[in-house]
Number of protein chains: 2
Amino acid sequence: MERLDDPPDVVIRRLPLYARSLRYLLDEGVHSVSSQELGERINVTAAQIRKDLSYFGEFGKQGIGYDVEKLLNHIERILGLTQSWPVVLVGVGHLGQAIARYDGFHSQGLRIVGLFDTDPAKIGQEVSGVQISDYAEMPRVIRETGTRLAIISVPAADAQPVADMLIDAGVRAILCYAPIILQTPDHVWVRYIDPVAVLHSMTYYLAREHVV
Amino acid sequence: MERLDDPPDVVIRRLPLYARSLRYLLDEGVHSVSSQELGERINVTAAQIRKDLSYFGEFGKQGIGYDVEKLLNHIERILGLTQSWPVVLVGVGHLGQAIARYDGFHSQGLRIVGLFDTDPAKIGQEVSGVQISDYAEMPRVIRETGTRLAIISVPAADAQPVADMLIDAGVRAILCYAPIILQTPDHVWVRYIDPVAVLHSMTYYLAREHVV
DNA sequence: TAGATTGTTAATCGATTAACAATC
DNA sequence: TAGATTGTTAATCGATTAACAATC
């Protein structure tokens, strides 16, 4: 019995966590896992995992659970991770460099094909084997590489015009580290990484706690 | 008429975004804003903003809207941002250094009081005016400064033991950059920053799009 | 006063959980 | 076979939105 509703975005956001946990299990030499066991590792209920997976098919065996490698392969195929995705990164400050250098990026189907900055002192330098270029090169690089995924790590004031340029050049999904909400057309996916906002939401609870 | 239900966590997570938007408005010299206008800036409905704020009191005027400075002050008080929060950071690699150096941290009520690493080559060095210390110093620094907030930017394999040490020493809230779900007691707040997972959730949609 | 916008209630929408027949 | 665990449905829970009286 297949159910093929459009999976909600919350489900899509959890799939990468399932995939990662399965990768760890595979590394540990575990071959089979139940929704219960997987759930305990990532603090999600067993029912939720089964429900989430049911949007995409039937991957388990009653009485047994899931074959770790098979389920991982299924999820990676669902997420489009059987191919490697070219990514451009705009803003090569401390943070941008840390991202470009991060191994977890390269090892997980993400391939940085362009680094861009406005600082003339940075242009021409290499980070992780990729040369830093001027913004003027962005459209060409994006088109030539067919890149649809971009990371913005420029100061807040520059983020909107940078996003506009990227979208103009063909980018369809943006991960934005700048502390600002981008205005973008409907066909572009935008997600934010906002550590300060996250910390500020935790200070709410700390401020209310009994101080020890 | 006051309603004093416990505000849901989703609401608490949005408050920092409202606060930030109000700070930008204040900088722009805007004195008054409606829920409609504020909502357009951050892609949230006007009704949601009014509902969210209603958990904490009545801050607007019918027919007028909200006084930007007053509302900002209210939200900062709610979030506990009238005080500065000491934070320790564990793992001073490229990412940890970028975080420690980030101005948006210091300017927003977050004060790094300790940097920790295991690398003997790093211990003793300074980043942003704070010395890097060995893990052995963690409990002392956390206790002496009364720190309850920590950032983990160590490799995945080290994150759980680091979290255990931090919690033992009195930390109550953790922002974790390591790609692993931490197992922690109920009284500790944990949030994750996981760019690879976020990008992987976007490749899902890109893989399904008509390629241009 | 007339127009605008709040704060709040009720309606709607959507996501999570519980429960269980199917079946390995 | 007996025990375990899936996939799915229905029930529950919670969050968002619409609507409007109150009122600046």
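Criteria and thresholds
Residues numbered from 1 in each chain as written. Chains lettered and ligands numbered in written order. Predicted model: local features only at pLDDT ≥ 70, side-chain atom pairs only at ≥ 80, totals over all residues. Heavy atoms only, no water. Helix = DSSP H or I, 4+ residues; strand = E, 2+ residues; numbered from the N terminus. Buried < 20%, exposed > 50% of the residue type's maximum accessible area, 1.4 Å probe, protein only. Contact = heavy atoms within 4.5 Å. Areas by Shrake-Rupley, 256 points an atom, 1.4 Å probe, with all protein chains shown as cover. Lys, Arg positive; Asp, Glu negative; His and termini not counted. Charge placed at Lys NZ, Arg CZ, Asp CG, Glu CD. Polar contact = N/O pair within 3.5 Å; in protein donor to acceptor, adjacent residues only side chain to side chain. Least-squares fit on C-alpha atoms with pLDDT ≥ 70 in both. Buried area = accessible area lost by both parts, 1.4 Å probe. Salt bridge = Lys/Arg side-chain N within 4 Å of Asp/Glu carboxyl O. Nonpolar A, V, L, I, M, F, W, Y, C, P; charged D, E, K, R; others polar. UniProt positions renumbered as here; feature names shortened; annotations may be inferred. Axes fitted to C-alpha atoms, helices over the stretch in contact; angles between N-to-C directions. Parallel < 35°, antiparallel > 145°, perpendicular 65-115°, else oblique. Core = buried A, V, L, I, M, F, W, Y, C linked by side-chain atoms within 4.5 Å. Pairing = 2+ DSSP bridges.

1. Remarks on the overall build of chain A
So, point 1. In terms of regular secondary structure, chain A is built from 9 helices and 10 strands.
So, point 2. Judged by the C-alpha coordinates and their principal axes, chain A covers about 60 × 50 × 35 Å.
So, point 3. The buried share of chain A, taken over its 212 residues, is 52%.
So, point 4. Sequence-distant contacts in chain A: of pairs separated by 6 or more residues, those separated by 24 or more amount to 57%.
So, point 5. For chain A, the computed accessible surface area is about 10,100 Å², with 51% contributed by carbon and sulfur atoms.
So, point 6. Mean positive and mean negative side-chain charge positions of chain A (20 and 26 charges, respectively) differ by 4 Å.

2. A short note on the environment of A:Q183
So, point 1. On the secondary structure map, A:Q183 appears in the loop between β9 (173-176) and β10 (189-192).
So, point 2. The sequence separation of A:Q183 and A:Q160 amounts to 23 residues, and the corresponding C-alpha distance is 7.3 Å.
So, point 3. Those residues within four positions of A:Q183 in sequence are excluded, and the remaining contacts are A:Q160, A:D164, B:E40, B:R41 and B:N43.
So, point 4. Within the local environment of A:Q183, its side chain forms a polar contact with the backbone oxygen of B:R41, the two atoms lying 3.3 Å apart.

3. Points about the relation of the copies chain B and chain A
So, point 1. When chain B is brought onto chain A, the operation consists of a screw motion whose angular component is 180° and whose axial shift is 0.0 Å, with 0.0 Å RMSD remaining. The superposition operator between the copies reduces to a two-fold rotation axis.
So, point 2. Interface residue correspondence from chain B to chain A reaches 100%, placing this contact among same-surface, isologous pairings.

4. A word on the interface of chain B and chain A
So, point 1. The interface of chain B with chain A comprises 63 residues on the first partner and 63 residues on the second.
So, point 2. Where chain B abuts chain A, roughly 5,900 Å² becomes buried across the two surfaces, and 68% of that area is made up of carbon and sulfur atoms.
So, point 3. Among the residues of chain B in contact with chain A, B:H200, B:Y205 and B:L206 are the three that bury the most area, contributing 12% of the side total.
So, point 4. Inspection of the chain B/chain A interface yields 6 salt bridges.
So, point 5. Between A:E209 and B:R172 there is a salt bridge whose closest N-O contact spans 3.6 Å.
So, point 6. It is helix α9 (residues 195-208) of chain B that contributes the most residues to the side of chain B that touches chain A, 14 residues altogether.
So, point 7. Taken together, the residues that form the side of chain B that touches chain A break down as 40 nonpolar, 10 polar and 13 charged.

5. Some details on the UniProt feature "DNA-binding region" (unreviewed entry) in chain A
So, point 1. Mapped onto the present numbering, the UniProt feature "DNA-binding region" (unreviewed entry) falls at residues 17-56 of chain A.
So, point 2. Taken end to end, residues 17-56 of chain A is 70% helix and 5% strand, and its first and last C-alpha atoms sit 16 Å apart.

6. Some points on the UniProt feature "binding site: NAD(+)" (unreviewed entry) in chain A
Residues and elements named next belong to chain A.
So, point 1. Per the UniProt record, the feature "binding site: NAD(+)" (unreviewed entry) sits at G91, V92, G93, H94, L95 and G96.
So, point 2. When sequence neighbours within four positions are dropped, the list of residues in contact with V92 reads Q97, L115, F116, D117, K122, V127 and I132.
So, point 3. Note on placement: G93 falls in the loop between β4 (85-90) and α5 (94-101).

7. A closer look at the pattern of salt bridges
Residues and elements named next belong to chain A.
So, point 1. One pass over the structure, following the stated rule, counts 22 salt bridges over all chains.
So, point 2. Here R191 ties to D9 by a salt bridge, and the two come within 2.6 Å at their closest N and O atoms. Linking R191 in strand β10 with D9 in helix α1 (residues 9-27), this pair joins segments that are 182 residues apart in sequence.
So, point 3. Among the residues examined, R191 registers a relative accessible area of 5% and is labelled buried.

8. Looking at the packing of α1(A) against helix α2 (residues 35-42) of chain A
Residues and elements named next belong to chain A.
So, point 1. Axis separation between α1 and α2 bottoms out at 10 Å; the angle between their running directions is 105°. Overall, the two elements α1 and α2 adopt an arrangement that is roughly perpendicular. Where α1 abuts α2, its residues L17, Y18, S21, L22 and L25 lie against L38, R41 and I42.
So, point 2. Here the contact of α1 with α2 is composed, by residue class, of 6 nonpolar, 1 polar and 1 charged.

9. So, the environment of A:A156
So, point 1. Note that A:A156 resides in helix α8 (residues 156-169).
So, point 2. Distance from A:A156 to A:R14, taken between C-alpha atoms, is 28 Å for residues 142 residues apart in sequence.
So, point 3. When neighbours within four sequence positions are excluded, A:A156 is seen to be in contact with A:A178, A:P179, A:I180 and B:Y24.

10. Let's talk about the nonpolar core
So, point 1. Judged by nonpolar contacts, the single largest core of 48 residues is most densely connected at A:L115, A:L149, A:I151, B:L115, B:L149 and B:I151.
So, point 2. Residues in contact with B:L149, not counting those within four places in the same chain, are A:L199, A:M202, A:T203, A:L206, B:W85, B:P86, B:V87, B:V88, B:L110 and B:A173.
So, point 3. Counting 27 residues, the second-largest nonpolar core is a separate cluster that includes A:Y204, B:L53, B:V68 and B:L81.

11. Some thoughts on the packing of α2(A) against helix α3 (residues 46-54) of chain A
Residues and elements named next belong to chain A.
So, point 1. The N-to-C vectors of α2 and α3 enclose an angle of 110°; their axes lie 8 Å apart at closest approach. Looking at the two axes, α2 sits roughly perpendicular to α3. Taking contact as the criterion, the partners of S35, Q36, L38 and G39 in α2 are, on α3, A46, I49 and R50.
So, point 2. Its residues assigned to classes, the contact of α2 with α3 comprises 3 nonpolar, 3 polar and 1 charged.

12. Some remarks on the sheet that holds strand β2 (residues 60-61) of chain B
Residue and element names in this part refer to chain B.
So, point 1. The 3 strands are arranged β1-β3-β2 in an open sheet whose pairing can be described as antiparallel. Of all strands in the sheet, those bounded by a partner on one side alone are β1 (32-33) and β2.
So, point 2. Here β2 pairs with strand β3 (residues 65-67) via 2 bridges, running antiparallel. In the strand pairing of β3, K61 is matched with G65.

13. Topic: the sheet that holds strand β9 (residues 173-176) of chain B
Residue and element names in this part refer to chain B.
So, point 1. Sheet architecture is open: 7 strands sit in the order β6-β7-β5-β4-β8-β9-β10, paired in mixed fashion. With one partner strand each, in any of the chains shown, β6 (126-127) and β10 (189-192) form the two edges of the open sheet.
So, point 2. For strand β4 (residues 85-90) and strand β5 (residues 110-116), the ladder comprises 6 bridges, and the chain directions are parallel. Bridge pairing links V90 to F116 in β5.
So, point 3. With respect to the sheet, helix α8 (residues 156-168) is in contact with β4, β8 (149-152) and β9, its orientation differing from that of β8 by roughly 165°.

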